Amino acid sequence: MRNVLLTLFITSVSPALAQQFVVDGNGGPTAHFTDITAAVAAVPDGSTLLVRAGVYAPVLIANKGITILCDAGVTANSGPSNGPFLEVRDTQPHAPVAVFNLHRAVTQFTSSVGGISIRNATGPVTIDGAGQIYAMPESKVALTIQDSTQVSIRRIQLTGSPGVRVENTQVVFESCDLRGRWGATTFFASPAQLGILAIDSELQLVHSSASRVGDAAHQQSAAHDGRRKPRIARRQ
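Residues numbered from 1 in each chain as written. Predicted model: local features only at pLDDT ≥ 70, side-chain atom pairs only at ≥ 80, totals over all residues. Heavy atoms only, no water.

Applying the stated criterion across every chain, the model contains 8 salt bridges. Between aspartate 90 and arginine 89 there is a salt bridge, with its nearest N and O atoms 3.1 Å apart. The exposure class assigned to arginine 89 is partly exposed, which follows from its relative accessible area of 24%. Between arginine 155 and aspartate 128 there is a salt bridge, with the nearest N and O atoms lying 2.9 Å from each other. Residue arginine 155 is found in strand 12 (residues 143-160), and its partner aspartate 128 is found in strand 11 (residues 125-135); the two are separated by 27 residues along the sequence. Residue class for aspartate 128 comes out buried when judged on its relative accessible area of 7%. (Salt bridge = Lys/Arg side-chain N within 4 Å of Asp/Glu carboxyl O. Buried < 20%, exposed > 50% of the residue type's maximum accessible area, 1.4 Å probe, protein only. Helix = DSSP H or I, 4+ residues; strand = E, 2+ residues; numbered from the N terminus.)

And the structure:
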């Protein structure tokens, strides 16, 4: 990855110009689909899904450009073995992904919740939480991003151990609050205390806060594998 600060240009998506499909878990009269992941797999690249209120299975977006616009009250369950409730992976440069206002379903078992995962996304990915709060139990990461080049995370509070883990990634956090599980007082805090744990990555924090940004993995292994410290830019 080039050793430069990140400037992201997220491709805007105009739902009015895209094919639109309705997802309604209750099977309402206007519904084309009752499951979000099934709809993502079936519709053409560049489509827009209008998701009605309800509880849905975990959402997987793989190798597809899509916009998902969720009504208030749309939630998704965590995946098997506490896997992510939202996973985006293997996207292409020409196929932007945007997800708006998808909530994680509430469960009485706090240890059985998953976060958000973005992997190998070579096209623009935008996740807009619309002010949501995701607090993960001990030892779990709220958001993981790996090997992705144009990620934008907006309007979301993430708390985990650490709150966010990014590796080989370029990402902008806008109007976000990123927290470690127990907070941190020094740069050399344990990974669980970090708001962001970044490895070989470039980040921008725009109108965002992080309890602490660190590179614990870099500190432990730089002498062995050549990893470099993350590049971080803050804008208020």
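The structure having been displayed, the exposition proceeds.
Overall, parallel pairing links the 3 strands, which are arranged 3-6-9 in an open sheet. Strands at the two margins of the open sheet, each flanked by one partner only, are strand 3 (54-56) and strand 9 (103-104). Where strand 3 lies against strand 6 (residues 74-76), 3 bridges are found, and the strand directions are parallel. Note that in strand 6 the partner of valine 55 across the bridge is threonine 75. (Pairing = 2+ DSSP bridges.)

Glancing now at the pairing of strand 13 (residues 164-180). Two faces, one strand: in a regular strand the side chains alternate between the faces of the sheet. Most of strand 13 is tucked away: 12 of the 17 residues are buried. Inspection of the sheet shows strand 12 paired to strand 13 by 14 bridges, in the parallel sense. Pairing of leucine 143 across the sheet is with valine 164, part of strand 13. Of the pairings in the sheet, the one linking strand 13 to strand 14 (residues 196-199) comprises 4 bridges and is parallel in character. Bridging across to strand 14, arginine 165 finds its partner in leucine 197.

Okay, the packing of aromatic side chains next. Evaluation of the coordinates by the stated rule reveals 2 aromatic pairs. Where phenylalanine 21 meets phenylalanine 33, the ring centres are 6.3 Å apart and the plane angle is 65°; that geometry is what we call edge-to-face. Linking phenylalanine 21 in strand 1 (residues 20-23) with phenylalanine 33 in the loop between strand 1 and helix 1 (36-42), this pair joins segments that are 12 residues apart in sequence. Classification of phenylalanine 33 as partly exposed rests on a relative accessible area of 21%. Measuring from centroid to centroid gives 5.3 Å for phenylalanine 85 and tyrosine 134, while their planes differ by 70°, and the two rings are edge-to-face. Pair noted here: phenylalanine 85 is in the loop between strand 6 and strand 7 (86-91) and tyrosine 134 is in strand 11, with a separation of 49 residues, a long-range link. (Phe/Tyr/Trp six-rings, centres within 6.5 Å; stacked < 30°, edge-to-face > 60°.)

Let's shift gears to the confidence of the model for the protein chain. Per-residue pLDDT for the protein chain averages 81, and the proportion of residues at 70 or more is 75%. Note on residues 216-228: pLDDT under 50 across the span, and 22 contacts to partners over four residues away in sequence or across chains. (pLDDT = per-residue confidence, 0-100. Contact = heavy atoms within 4.5 Å.)

Looking along the chain, the bond that leaves serine 161 and enters proline 162 is cis, with omega of 0°. Of note in the backbone geometry, aspartate 90 takes a positive phi value of approximately 55° without being a glycine. Of note, aspartate 90 is situated in strand 7. Assessed through its relative accessible area of 27%, aspartate 90 is described here as partly exposed.

Residues Leu49, Ile68, Ile118, Ile153 and Phe173 are the most contacted members of the largest nonpolar core, which totals 48 residues. Apart from residues lying up to four places away in sequence, phenylalanine 173 is in contact with Leu143, Ile153, Val164, Leu178, Ile196, Leu203, Gln204, Leu205, Val206 and Ser208. (Core = buried A, V, L, I, M, F, W, Y, C linked by side-chain atoms within 4.5 Å.)

A few words on the pairing of strand 4 (residues 59-62). The two faces of strand 4 differ: Val59 and Ile61 on one face are buried, but Leu60 and Ala62 on the other face are not. Direction of pairing for strand 4 relative to strand 7: parallel, over a ladder of 4 bridges. Its bridge partner lying in strand 7, isoleucine 61 is registered against valine 88.

With that out of the way, let us pick up the environment of threonine 48. For threonine 48, the position within the fold is in strand 2 (residues 47-51). Assessed through its relative accessible area of 0%, threonine 48 is described here as buried. Separated by 51 residues in the primary sequence, threonine 48 and valine 99 have C-alpha atoms spaced 9.9 Å apart.

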